[in-house]
Amino acid sequence: MITVGKYWKEKFGEKVYRVCIDGGFTCPTRDGTKGIGGCYFCDEESSRAKYIEPEDSIERQLEKGILRLKEKGVKKFIAYFQSYTNTYAKVDVLREKYFKALNHPEVVGISISTRPDCIDEEIVKLLDEISKRYYTIVELGIQSMHDKTLEFIGRKHTSMDSIRALKLLKRCENLEIVAHVILGLPGETKEDMMETGRILSKLGIDGLKLHHLYIVKGTPFFEEFKKGNIKVFERPEDYAKVAKDFLSNFSKDIVIHRFAGYSSSFRLVAPSWTSERSIAKKLIIGN
């Protein structure tokens, strides 16, 4: 496996960082189309970077983020449409928002976070067009390939939605597909998690963002956790072992964009190690 920092440095010849953007999108599980309140694990306050002021224009958000990162000596940036579902709009709206970011002279690419049920033919045509001119990533919130799990966590999409979206996106020769997966979801055995890995490996994804299930205040899962109905990886070592086994399903060329979830201690309930950014990564990669 390859860490994304190393991968981008080799690809661009120097450090490249994401700059988070709130494009003003919502989600079908928030606006009433499929539900209200979001997925049951979703922490609304953590859906965007802390420094983002969503009332700012895309250009202004980008400029602020770039100024912060330049202090670290970074000169190239990827515009990261992170907050909520960033293909959940008409194509002409998407085009306008994406190119507002891509037109910045120091932006070398774009990363778009979205859901499997918010990918269609028209959107793929736009993404294909962009990927022929700019480095382009689609981050697809798959979470699990088991429909029972997806229903329980309030995702309101199915495993077939994920397969269909992945097949559509694979039509874009220059596009990189990064799958988001949560390990330790309620009711899933280790074999269930491994099966998700095996399916995604066969579908030919380019990268992974791994998360562990963690509990924050104000989410539906917080109430279930208090009742004792939900368990988490209490020790980072236990999570790291499962994550290592999960990653063994993939080729050595898979790019890892994240090794575990993160939440600040302010609203975090469990597990406590979630507020330590690098602990799980060190255990997984061995340094």
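Residues numbered from 1 in each chain as written. Predicted model: local features only at pLDDT ≥ 70, side-chain atom pairs only at ≥ 80, totals over all residues. Heavy atoms only, no water.

A. Representation of the overall build of the protein chain. If you tally the helices and strands in the protein chain, you get 10 helices and 10 strands. Compactness check: the protein chain gives a C-alpha radius of gyration of 18 Å against a globular reference of 19 Å for 287 residues, within 12% of the reference. Taking the principal axes of the C-alpha coordinates as reference, the protein chain spans close to 50 × 45 × 40 Å. Expressed as a percentage of the 287 residues in the protein chain, the buried residues total 54%. Of all intrachain contacts in the protein chain linking residues separated by at least 6 positions in sequence, the fraction that spans at least 24 positions is 81%. On the protein chain, roughly 13400 Å² of surface is accessible, and the fraction owed to carbon and sulfur atoms is 49%. (Helix = DSSP H or I, 4+ residues; strand = E, 2+ residues; numbered from the N terminus. Rg over C-alpha atoms; globule rule 2.2 N^0.38 Å. Buried < 20%, exposed > 50% of the residue type's maximum accessible area, 1.4 Å probe, protein only. Contact = heavy atoms within 4.5 Å. Areas by Shrake-Rupley, 256 points an atom, 1.4 Å probe, with all protein chains shown as cover.)

B. Up close: the sheet that holds strand 2 (residues 16–21). Here 8 strands make up an open sheet; going across it, the order is 1-9-7-6-5-4-3-2 and the pairing parallel. The open sheet is flanked by strand 1 (2–3) and strand 2, the only strands paired with a single partner. Strand direction decides the pairing type here: strand 6 (residues 175–183) and strand 7 (residues 207–212), joined by 6 bridges, are parallel. The partner of His180 across the bridge, within strand 7, is Lys209. The strands that helix 4 (residues 121–131) touches are strand 4 (107–114), strand 5 (135–143) and strand 6; relative to strand 5, the one it contacts most, it runs at about 140 degrees. Packing against the sheet, helix 6 (residues 159–169) makes contact with strand 5 and strand 6, and its axis sits at approximately 170 degrees to strand 5. (Pairing = 2+ DSSP bridges. Axes fitted to C-alpha atoms, helices over the stretch in contact; angles between N-to-C directions.)

C. Focus on the pattern of salt bridges. Under the defined criterion, the tally for this structure stands at 20 salt bridges. Taking the shortest distance from any N to any O, the salt bridge between Lys209 and Glu139 comes out at 3.1 Å. Here Lys209, found in strand 7, pairs with Glu139, found in strand 5; they are 70 residues apart in sequence, far enough to count as distant. For the residue pair Lys209 and Glu139, the accessibility class agrees, reading buried in each case. Taking the shortest distance from any N to any O, the salt bridge between Lys226 and Glu223 comes out at 3.3 Å. In this pair, Lys226 and Glu223 both sit in helix 8 (residues 220–226), 3 residues apart, roughly one turn of the helix. (Salt bridge = Lys/Arg side-chain N within 4 Å of Asp/Glu carboxyl O.)

D. Summary view of the nonpolar core. Ranked by size, the top nonpolar core spans 64 residues in total, and within it Tyr98, Leu169, Leu183, Leu200, Ile205, Leu208 and Tyr239 carry the most contacts. Non-local contacts of Leu183, meaning those with residues more than four positions away in its chain, are made with Met193, His211, His212, Leu213, Phe233, Tyr239, Val242, Ala243 and Phe246. Core analysis: the next-biggest nonpolar cluster, separate from the first, contains 14 residues, Leu150, Ile182, Ile215 and Phe225 among them. (Core = buried A, V, L, I, M, F, W, Y, C linked by side-chain atoms within 4.5 Å.)

E. How the structure looks around the packing of helix 2 (residues 58–70) against helix 3 (residues 91–102). Where helix 2 contacts helix 3, the two axes come as close as 9 Å, and the packing angle between them is 30 degrees. The handedness of the crossing between helix 2 and helix 3 is right-handed. The residues of helix 3 that touch helix 2, namely those facing Ile58, Glu59 and Leu62, are Lys97, Lys100 and Ala101. Of the residues that constitute the contact of helix 2 with helix 3, the class distribution is 3 nonpolar, no polar and 3 charged. (Left-handed = near helix turned anticlockwise from the far one by under 90°. Nonpolar A, V, L, I, M, F, W, Y, C, P; charged D, E, K, R; others polar.)

F. Region of the structure containing the state of the cysteines. Throughout the structure, instances matching the rule amount to 0 disulfides. Of the cysteine sulfurs around Cys27, a residue in no disulfide, the closest is that of Cys42, at 6.9 Å. We classify Cys27 as buried; its relative accessible area is 9%. (Disulfide = S-S within 2.5 Å.)

G. Region of the structure containing unusual backbone geometry. Look at the link from Ala270 to Pro271: it is a cis peptide, with omega at -10 degrees. Position of Pro271 relative to the elements: it lies in the loop between strand 10 (268–270) and helix 10 (279–285). With a phi close to 65 degrees, Tyr84 is a non-glycine residue in the positive phi region. Secondary-structure assignment places Tyr84 in the loop between strand 3 (76–81) and helix 3.

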